Structures are given as structure tokens and as C-alpha cells.
Amino acid sequence: MTNLDPYETLLAETLAACFGHPVVRAFAPFPTAVKRQPLDPHYCPCSDYFETEAGWPDDTYDPLRRALLAVSPTAHWRETYKGTDIGSDFMDRFGCYSIIGPGGPFASDTGRVWMVYMPPDLDYPDHHHPAQEMYLIVSGSAEFRKAGAPNETLRAGDTAIHVSNQPHAMQTHDEPVLCLVIWKDEFETPPVLTSGV
Ligand SMILES: [Fe+2]
């Protein structure tokens, strides 16, 4: 059966990726009870980069990547670090929108899920938040850094876990990266840049 609503397709592909991955599934009681909520589209230049990105390798999450792309023109692209000194290049090129949670198309009381997109050669500097967090790499690759652990280059199907308030960062090199980001608690406190790292 063909699902004509791109957001329902996105939800189905997101849940399939999360439930289908043993590490992600074990991380949190993943939200199954989600409800649709009104969505207020918000444009950001990062969506142009995402929609014209040509550097994706073929991988197992292509249906999810296509679903993320399909809703890009109507998504509420976030400006998480607006008003900080992170710089206009980062603000223009770093992409993030909510899939499950405030500002996104779906609501849940038990989890939050965002997509994060970074084009090649972009550094997302150290930041932290009280929420426990998991990244699932959907496509491309990035170098992940976190306090107290060696740097790792992660690719599709790999995961990264960040414990509460652990500073972490990521940098793309030759390839873009596309990720799902999952929080399971402490939803009300947004990430902040980590100073002095
Ligand atoms: Fe984080």
C-alpha cells in the first residue's frame, strides 16, 4: 500500500530504523504512542544544502534518507544556536529539524527524535545537555568526539551515545553526514556550547 503523506512515511521509516537497530532499541523505550501535531514550516539555508547534497553513498537507510528529504521543503528547520557566537557559516550550513517533539510533526511524552544534517567540511563544536542522547548514523560519515573517549569516524548503522552533560562534538570531512538523534529524558533543557574545551 502506498502511503501518500510524506510525514507518515517519515515516521514509519524513522521507527523502522530505530526498532530495527538493537543498540538504539536498547537505549530507550522508544516512543510508539505518537500523535500528529500542527507544523509551522520554517526555512533555513541549510535546507538548500540538504536538498542539493550530491555526496551520499548508497546504504541501507536510503528509504529513510529519501523520507527526510521529502519533507525538507515544509519542515521547521531549527536554529538551535541562534544568538551565540557560533558564526554565520555554521548557522547557514548546519541542518536540524524535529521529527518527534516540539516544533516537529509528531508529539510524544516519552522521547524526542531529530534529524541532523551536516555538509562536508563542517565542525559542530563541543556542546552538552543534561539529556542522555544517542546518534544513529543514517548516511555519510563524520568524526565524533566526546570527553573521555577516543575520536571515532562513524558511518551508516553506527551509533554514538552521550551521557548526561558529557561534552561532545562532530566534524565532517570529505562526506556529508545524516543522523537521527534520540533523547530519552531531560527534554526541557536545550544544548549549550561548551566553553573552555
Ligand atoms: Fe547532543
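Moving on: the pattern of salt bridges. Scanning the model with the defined rule gives 7 salt bridges in all. As a salt-bridge pair, R65 and D62 come within 3.2 Å of each other at their nearest N and O atoms. Here D62 and R65 lie together in helix α4 (residues 62-70), a separation of 3 residues that amounts to about one turn. Given a relative accessible area of 13%, R65 falls into the buried group. Given a relative accessible area of 12%, D62 falls into the buried group. For E79, the salt bridge is made with K82, and the minimal N-O distance between the two is 4.0 Å. Under the relative-accessibility criterion, E79 is labelled partly exposed at 32%. Overlapping salt bridges, with partners in common, bring together D5, E8 and R36 in one network.

On to the coordination of the iron ion. Protein-derived coordination of the iron ion comes from H129 (NE2), E133 (OE), E133 (OE) and H168 (NE2), at a distance range of 2.1 to 2.4 Å. What the 4 donor atoms of the iron ion show is an angle range of 56 to 139 degrees at the metal, which sorts the shape as irregular. Between consecutive donors of the iron ion, the numbers of intervening residues give the motif H-x3-E-x34-H. With E133 in strand β6 (residues 133-146) and H168 in strand β9 (residues 168-171), this pair connects stretches of sequence that are 35 residues apart. H168 shares its class with E133; the two are buried.

Judged by nonpolar contacts, the single largest core of 34 residues is most densely connected at L10, L68, Y97, I99, M115 and L180. The element that contributes the greatest number of residues to this core is helix α1 (residues 6-19), accounting for 6 residues. In this structure, L68 is in contact with L10, F50, Y97, I99, M115 and L178, ignoring residues within four places of it in sequence.

On the secondary structure map, H162 appears in strand β8 (residues 159-162). On the accessibility criterion, H162 (2% relative accessible area) is buried. Looking at H162, its side chain comes within polar contact range of the side chain of E133, at 2.7 Å. Among residues more than four places away in sequence, those in contact with H162 are A131, Q132, E133, Y135, K146 and H168.

One can describe the packing of α1 onto α4 by two numbers: an axis separation of 9 Å at closest approach and a directional angle of 145 degrees. For the element pair α1 and α4, the recorded crossing hand is left-handed. Residues P6, T9, L10, E13, T14 and A17 of α1 touch α4, and the partners they reach there are P63, L64, A67, L68 and A70. Looking at the contact of α1 with α4 residue by residue, the classes come out as 8 nonpolar, 2 polar and 1 charged.

As enumerated under the stated definition, the model contains 0 disulfides in all. For the unlinked cysteine C46, the closest cysteine sulfur is that of C44, found at 3.2 Å. Given the relative accessible area of 0%, C46 is considered buried. No disulfide involves C96; its sulfur sits 8.6 Å from the nearest other cysteine sulfur, which is in C46.

Scoring rules and cut-offs
Residues numbered from 1 in each chain as written. Predicted model: local features only at pLDDT ≥ 70, side-chain atom pairs only at ≥ 80, totals over all residues. Heavy atoms only, no water. Salt bridge = Lys/Arg side-chain N within 4 Å of Asp/Glu carboxyl O. Helix = DSSP H or I, 4+ residues; strand = E, 2+ residues; numbered from the N terminus. Buried < 20%, exposed > 50% of the residue type's maximum accessible area, 1.4 Å probe, protein only. Donors = N, O, S within 2.8 Å, 3.2 Å for Na, K, Ca; no water. Tetrahedral: all angles 85-135°; square planar, octahedral: opposite > 155°, others 65-115°. Core = buried A, V, L, I, M, F, W, Y, C linked by side-chain atoms within 4.5 Å. Contact = heavy atoms within 4.5 Å. Polar contact = N/O pair within 3.5 Å; in protein donor to acceptor, adjacent residues only side chain to side chain. Axes fitted to C-alpha atoms, helices over the stretch in contact; angles between N-to-C directions. Left-handed = near helix turned anticlockwise from the far one by under 90°. Nonpolar A, V, L, I, M, F, W, Y, C, P; charged D, E, K, R; others polar. Disulfide = S-S within 2.5 Å.

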